[in-house]
Every structure is written in C-alpha cells, then in structure tokens.
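An overview of the molecular structure
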Amino acid sequence: MSKLTTHVLDTTHGRPGKGINLRLFRLGNTDELVAKATTNADGRCDAPILEGDKMKPGTYRLEFDVADYFKAQGVKLPDVPFLDTVLIRFGITDDSAHYHVPLLVSPYGYSTYRGS
C-alpha cells in the first residue's frame, strides 16, 4: 500500500519524540498544506501522513516543531533556539511505494534518511 510515514527519535534523551507537531506541504507554485499531525508516545503518527490516492509524485516538505517539544521536556534553550522548526524537503517519485522519513533530533542537530 502506498503511504508516507515518519518517526521522531529524541537523541538527547534516548527516547521517542512524543507530542511533536508536524505539517506536510506539497511544493509547487504555491505550497499546499496537505496534512497536520502530532506524534504519539512511540514518536510516530497514529495514521499515515499520506496514503492511497493522496500519494502523488512531487516535492514535499515536512516541518517538525522541535523547539516547542524540547522546551516541554524541560530543556533550557536560548531565547532564539538553534533549531526551532526542522524542515525536511524530499521527493516522491513512486506513488505506489511506502516512503518513511524518520527524524533523529537534538536541540543542536538532526539527521534523516529514507527508511523502510
């Protein structure tokens, strides 16, 4: 089944990133907000961000509100956090595939990859 999923891991505390608000945009002449979600206790969304006929080839951007998350965890951040919202821009070419975009994040760095 075609779908887009994510998983956030808090590398500072060594646990899933619970309660992180995220948004998905389809990029074009104007960016279109196509989904909003909040990660659950496992750092995942309760349902795929996109699936089925909503999966369309194109360029997308996931936005994760990580500064709000770390502040809620009691992490002291500067008034202007180094990472506020993490943006991951990626492409979907096969609308029949499963795309998994994990985020490993701390207040001062992040990484991502195409997962399975």
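Our subject in this report is the structure included herewith. Starting afresh in each chain, residues are numbered from 1 along the sequence in its written order. This being a predicted model, a pLDDT of at least 70 is required before a residue's local features are given, and a value of 80 or more before pairs of side-chain atoms are given or counted; all residues contribute to the totals for chains, interfaces and linings. Water and hydrogen atoms play no part in the side-chain values, which are based on all heavy atoms of the structure.

**Quick look at the pattern of salt bridges**
Pairing between side chains of opposite charge can happen when the charged atoms of each approach one another. Counted as salt bridges are all cases of a side-chain nitrogen of Lys or Arg within 4 Å of a carboxyl oxygen of Asp or Glu. This model, assessed by the stated rule, comprises six salt bridges. A salt bridge links Arg61 to Asp31; the nearest nitrogen and oxygen atoms lie 3.0 Å apart. Note that Arg61 is positioned in strand β6 (residues 58-65) and Asp31 in the loop between β3 (21-26) and β4 (32-38), a separation of 30 residues in sequence. Burial status follows relative accessibility: with a 1.4 Å probe on protein chains alone, a residue under 20% of its type maximum counts as buried, one over 50% as exposed, and anything between as partly exposed. Classification of Asp31 as partly exposed rests on a relative accessible area of 40%. When salt bridges that share partners are traced, they join Arg23, Asp31, Arg61, Glu63 and Asp65 into one network. Secondary structure follows DSSP: runs of H or I at least 4 residues long count as helices, runs of E at least 2 residues long count as strands, and numbering of each begins at the N terminus.

**Remarks on the pairing of β4**
Here six bridges tie β3 to β4, and the two strands are oriented antiparallel to one another. Its bridge partner lying in β4, Leu24 is registered against Ala35. Hairpin connection, β3 to β4: the antiparallel pair is bridged by five residues. Strands are treated as partners if at least two bridges between them are detected by DSSP.

**Observations regarding the sheet that holds β3**
Spatial strand order, β4-β3-β6-β7: four strands in an open sheet with antiparallel pairing. Two strands close off the open sheet at either side, each with one partner strand: β4 and β7 (85-92). Direction aside, the axes of adjacent strands within the sheet are offset by 20° on average. In this description, a line fitted to the C-alpha atoms serves as the axis of each element, helices being fitted only across the stretch in contact, and the angle between N-to-C directions of two axes falls anywhere from 0 to 180 degrees.

**Remarks on the packing of aromatic side chains**
Ring pairs are drawn from Phe, Tyr and Trp, using the six-membered ring of Trp, whenever the two centres fall within 6.5 Å, and their geometry is named by plane angle: stacked under 30 degrees, edge-to-face over 60, tilted for the rest. Per the stated rule, a full pass over the model turns up three aromatic pairs. Between Tyr60 and Phe90, the aromatic rings sit 6.0 Å apart at their centres with planes inclined by 20°, giving stacked as the arrangement. Placement of the pair is Tyr60 in strand β6 and Phe90 in strand β7, with a sequence separation of 30 residues. Taken individually, Tyr60 and Phe90 each receive the classification buried, so the pair is uniform in this respect.

**Some remarks on the side chain of Glu63**
On the secondary structure map, Glu63 appears in strand β6. By the criterion applied in these results, polar contacts are pairs of N or O atoms within 3.5 Å in which, for protein atoms, one can donate a hydrogen and the other can accept it, and in which residues neighboring in sequence qualify only through two side-chain atoms. A distance of 2.8 Å separates a polar atom in the side chain of Glu63 from a polar atom in the side chain of Arg61. Pairs of residues are marked as contacts when any of their non-hydrogen atoms sit within 4.5 Å. Excluding residues within four positions of it along the chain, Glu63 makes contact with Asn21, Leu22, Arg23, Phe25, Thr85, Val86 and Leu87.

**Section: the side chain of Thr6**
Within the fold, Thr6 resides in strand β1 (residues 3-10). Taking the relative accessible area as the measure of exposure, Thr6 reaches 3% and is therefore buried. Separated by 2.5 Å, the side chain of Thr6 and the backbone oxygen of Val101 make a polar contact. Residues in contact with Thr6, not counting those within four places in the same chain, are Leu22, Gly43, Arg44, Cys45, Ile49, Phe64, His100, Val101 and Pro102.

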